[in-house]
Structure formats: C-alpha cells, structure tokens
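# Tertiary structure, described
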Amino acid sequence: MKVGDLVRWSELERAYYVASSDFPCGKNLTEHRKRGIIIDKNKWKYFVFWEDGEIIAHAETDIEVISESR
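Let us now look at the sheet that holds strand S3 (residues 46-50). In space, the five strands of this open sheet follow the order S4-S3-S2-S1-S5, with antiparallel pairing throughout. Each having just a single partner strand, strand S4 (55-58) and strand S5 (63-67) make up the two edges of the open sheet. Each strand axis lies, on average, 45 degrees off the axis of its neighbour in the sheet, ignoring direction. Across two bridges, strand S1 (residues 6-9) lies against strand S2 (residues 36-41) in antiparallel orientation. Note that in S2 the partner of Leu6 across the bridge is Ile37.

Quick look at the structure:
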C-alpha cells in the first residue's frame, strides 16, 4: 500500500465494527468506509481520507486496496 491508493475497510474490520457497535455516532460507518484514499503514512499507520470527509489512521490489517495509484 502507498499514498494515493484507493482503499476500503477489510472484511474483518467491517465484521468487527458491526459486531461490537450499536452505531453510537448515529450512523452506520460501514457505509462510509467503502472508499477512501491513503493521504499519508508512517511506519505503523496509514492515514485515510474517507468519502464522508473524515481522516483516520489505520493499521495495514484494517484496510485493503481497491485500486492502486500510478
């Protein structure tokens, strides 16, 4: 994975979120984590700009690449 890649939540992350959440923020985030772009990274985390406008740090196991940047 690299900056500019289009990503989504991994299947495991989606399942974990649904199983452990009552959707406390009032919205089902699985709908908002289908597409995001990696905007930065460091040794441990990838920073993803999600389609709902949030920027969140994720471990490599939390996300999967949909489309690689050039």
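Don't stop here, the text continues.
Moving on: the side chain of His58. For His58, the position within the fold is in strand S4. A polar atom in the side chain of His58 sits 3.2 Å from the side chain of Trp50. The contacts of His58, once residues within four sequence positions are left out, are Trp9, Trp44, Lys45, Tyr46, Val48, Trp50 and Ile63.

In this section: the nonpolar core. With nine residues, the main nonpolar core is built from Val7, Trp9, Tyr17, Leu29, Ile38, Tyr46, Val48, Trp50 and Ile63. Elements represented by at least two residues in this core include exactly S1 and S3. When near neighbours in sequence (up to four residues on either side) are disregarded, Trp50 contacts Val7, Arg8, Trp9, His32, Arg33, Lys34, Arg35, Gly36, Ile56, His58 and Ile63.

Conventions used here
Along every chain, residues carry numbers that run from 1 in the direction the sequence is written. Only residues with pLDDT of 70 or above have their local features reported here, since the model is predicted, and side-chain atom pairs are shown and tallied only from 80 upward, although totals for entire chains, interfaces and linings are computed over all residues. Working from all heavy atoms in the structure, the side-chain values ignore hydrogens and water. Think of it this way: DSSP has to see at least two bridges between two strands before they count as a pair. Put simply, DSSP H or I for four residues or longer makes a helix, DSSP E for two residues or longer makes a strand, and each gets a number counted from the N terminus. Axes here mean lines fitted to C-alpha atoms, for a helix over just the part in contact, with angles spanning 0 to 180 degrees between N-to-C directions. In the analysis that follows, any N or O atom pair within 3.5 Å is treated as a polar contact, provided that within protein one partner can donate a hydrogen and the other can accept it, and provided that, for residues neighboring in sequence, both atoms belong to side chains. The criterion used for residue contact is that any of the two residues' heavy atoms lie within 4.5 Å. What makes a nonpolar core is a set of buried Ala, Val, Leu, Ile, Met, Phe, Trp, Tyr and Cys residues whose side-chain atoms join them at distances within 4.5 Å. Partly exposed describes any residue whose relative accessible area lies between the buried limit of under 20% and the exposed limit of over 50%, with all areas from a 1.4 Å probe on protein chains only and scaled to the type maximum.

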